[in-house]
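As a plain string of letters, each chain reads:
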Amino acid sequence: GFEHPQTLATLGSLARILQAPAANPASSCLNDADRVEELRCKFDNPRLLCSLSHYAVALEMRGRVGEAVPIHRRVLEGRRALLGEEHPDAVEAMTSLLTCQLKVEKQQQQQQRQ
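A brief structural summary. Only a predicted model underlies this, so the values are computations on that prediction, with no experimental measurement involved.

Rules and cut-offs
- Residues numbered from 1 in each chain as written.
- Predicted model: local features only at pLDDT ≥ 70, side-chain atom pairs only at ≥ 80, totals over all residues.
- Heavy atoms only, no water.
- Axes fitted to C-alpha atoms, helices over the stretch in contact; angles between N-to-C directions.
- Helix = DSSP H or I, 4+ residues; strand = E, 2+ residues; numbered from the N terminus.
- Parallel < 35°, antiparallel > 145°, perpendicular 65-115°, else oblique.
- Left-handed = near helix turned anticlockwise from the far one by under 90°.
- Contact = heavy atoms within 4.5 Å.
- Buried < 20%, exposed > 50% of the residue type's maximum accessible area, 1.4 Å probe, protein only.
- Polar contact = N/O pair within 3.5 Å; in protein donor to acceptor, adjacent residues only side chain to side chain.
- Core = buried A, V, L, I, M, F, W, Y, C linked by side-chain atoms within 4.5 Å.

Another point: the packing of helix α3 (residues 46-61) against helix α4 (residues 65-83). It is the contact of α3 with α4, at a shortest axis distance of 8 Å, that shows an interaxial angle of 160 degrees. Comparing the axis directions of α3 and α4 gives the class roughly antiparallel. Both α3 and α4 take part in a crossing whose hand is left-handed. Here α3 contributes P46, L49, C50, L52, S53, Y55, A56, V57, L59 and E60 to the contact with α4, which in turn contributes V65, E67, A68, I71, H72, R74, V75, G78, R79 and L82.

The structure is reproduced here in structure tokens:
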């Protein structure tokens, strides 16, 4: 099923492919992958967290930063619970979340100027 860690690992692979500069838009795949936000699973699998992180970055690269924020937040929560607040992966997740939130604010400011 969609919540299975292997499925999410595949999603992470898709995200890495979509990050490539020459990647074609794959909106149908991303539409299915949008269901990540609806997941109700436990974040006790480092591979799952890594896949979600890659997916959030792929969304950012496609200009969908507003959709990436809640996924970055879930990755941060999972890594904190699994590894502790001061673990480098948790700190990296916090940095990714804050960076993404700044991008959202910048987009909003640009929209207000127009």
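Structure's up, so let's keep going.
What follows concerns the side chain of H72. Its place among the elements puts H72 in helix α4. For H72, a relative accessible area of 2% gives the class buried. Polar contacts involving the side chain of H72 include one to the side chain of E60, which spans 2.5 Å. When residues no more than four places from it in sequence are discounted, the contact partners of H72 are S53, A56, V57, E60, S96, L97 and C100.

Counting 16 residues, the largest nonpolar core has L52, L59, A68, V69, I71 and C100 as the members making the most contacts within it. For this core, the elements supplying multiple residues, two or more each, are α3, α4 and α5 (88-113).

On the secondary structure map, I71 appears in helix α4. Taking the C-alpha atoms as reference, I71 lies 9.6 Å from L49; in sequence the two are 22 residues apart.

Here we take up the environment of T99. As for its placement among the helices and strands, T99 is situated in helix α5. Taking the relative accessible area as the measure of exposure, T99 reaches 36% and is therefore partly exposed. For the pair T99 and V69, spaced 30 residues apart in sequence, the C-alpha separation works out to 9.3 Å.

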